[in-house]
Amino acid sequence: QVQVVESGGGLVQPGGSLRLSCAASGSIFSIYGTGWHRQAPGKQRELVARISSGGSTNYADSVKGRFTISRDNAKNTVYLQMNSLKPEDTAVYYCNPTIQLTMGSVSNYWGQGTQVTVSS
């Protein structure tokens, strides 16, 4: 009933920028807190950034000052602006929103992920 789709990934040189989008669709009443996670090959998935229902944000130490999470509630979309990218940022990035459906239930959802590769 709900689809979450990440987009915006790609190949970028070190120091470059990308903006990832997380678009949710379906019978959505509202989107609350949302986290961006990433997983590199052979490593555990880690939380990169989160925006709460109240709009407060938190970031992993490794991306502070470089990444910015934001949202557009009217579009049911959450963004991750990534600047000054480093090779260690290479990973599949996943969106994990908490969504209230029009029927009233609240659940967490995962997108399919989008690949970010930082290489010269």
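Since the structure is predicted, the reported quantities are computational estimates derived from the model, not experimental observations. Residue numbers restart at each chain and count upward from 1, following the sequence in its written direction. Reporting of local features is limited, given that this is a predicted model, to residues whose pLDDT is at least 70; pairs of side-chain atoms are given and counted only at 80 or more, and all residues count toward the totals for whole chains, interfaces and linings. Side-chain numbers come from the whole structure's heavy atoms, not from hydrogens or water.

Engineer: Is there a simple way to think about the packing of aromatic side chains in this case?
Structural biologist: Note on aromatic pairs: each is described by the distance of the centres and the angle between the planes. Any pair of Phe, Tyr and Trp rings, taking the six-membered ring for Trp, is counted once the centres come within 6.5 Å. Such a pair is stacked with planes under 30 degrees apart, edge-to-face with planes over 60 apart, and tilted for the rest. One pass over the full model with this rule turns up one aromatic pair. Criterion for a charge above a ring: Lys NZ or Arg CZ within 6 Å of the ring centre, and within 35 degrees of the ring normal. In this arrangement the basic side chain of Arg45 is found over the ring face of Tyr94, its NZ or CZ atom lying 3.8 Å from the centre. One cation-aromatic arrangement involves Arg45 over Trp110; the distance from NZ or CZ to the ring centre is 4.8 Å.

Engineer: How should the nonpolar core be read in this particular structure?
Structural biologist: Nonpolar side chains tend toward joint burial in soluble globular proteins. Put simply, a nonpolar core is a bunch of buried Ala, Val, Leu, Ile, Met, Phe, Trp, Tyr and Cys residues held in one set by side-chain atoms that sit within 4.5 Å of each other. Residue exposure (1.4 Å probe, protein chains only): buried if accessible area is under 20% of the type maximum, exposed if over 50%, otherwise partly exposed. With 30 residues, the main nonpolar core has Val4, Trp36, Phe67, Leu80, Met82, Tyr93 and Ile99 as its most contacted residues. Going along the chain from the N terminus, every DSSP run of H or I of four or more residues is numbered as a helix, and every run of E of two or more is numbered as a strand. Of all elements in the fold, only strand E1 (2–7), strand E3 (18–26), strand E4 (28–39), strand E5 (46–51), strand E7 (67–72), strand E8 (77–82), strand E9 (91–101) and strand E11 (114–118) reach the threshold of two or more residues within this core. The leading source of residues in this core is E9, at five residues. Between two residues, a contact is recorded if the distance between any of their heavy atoms is within 4.5 Å. Those residues within four positions of Leu80 in sequence are excluded, and the remaining contacts are Leu18, Arg19, Leu20, Trp36, Ala49, Phe67, Thr68, Ile69 and Tyr93.

Engineer: Got a minute to help me understand the pattern of salt bridges in this structure?
Structural biologist: Criterion for a salt bridge: a side-chain nitrogen of Lys or Arg within 4 Å of a carboxyl oxygen of Asp or Glu. On inspection of all chains with the given rule, the structure shows four salt bridges. Residue Arg38 pairs with Glu46 through a salt bridge whose shortest N-O separation is 2.8 Å. A residue is classified by how much of its surface remains accessible, and Glu46, at 34% relative accessible area, is partly exposed. Taking the shortest distance from any N to any O, the salt bridge between Asp61 and Lys64 comes out at 3.1 Å.

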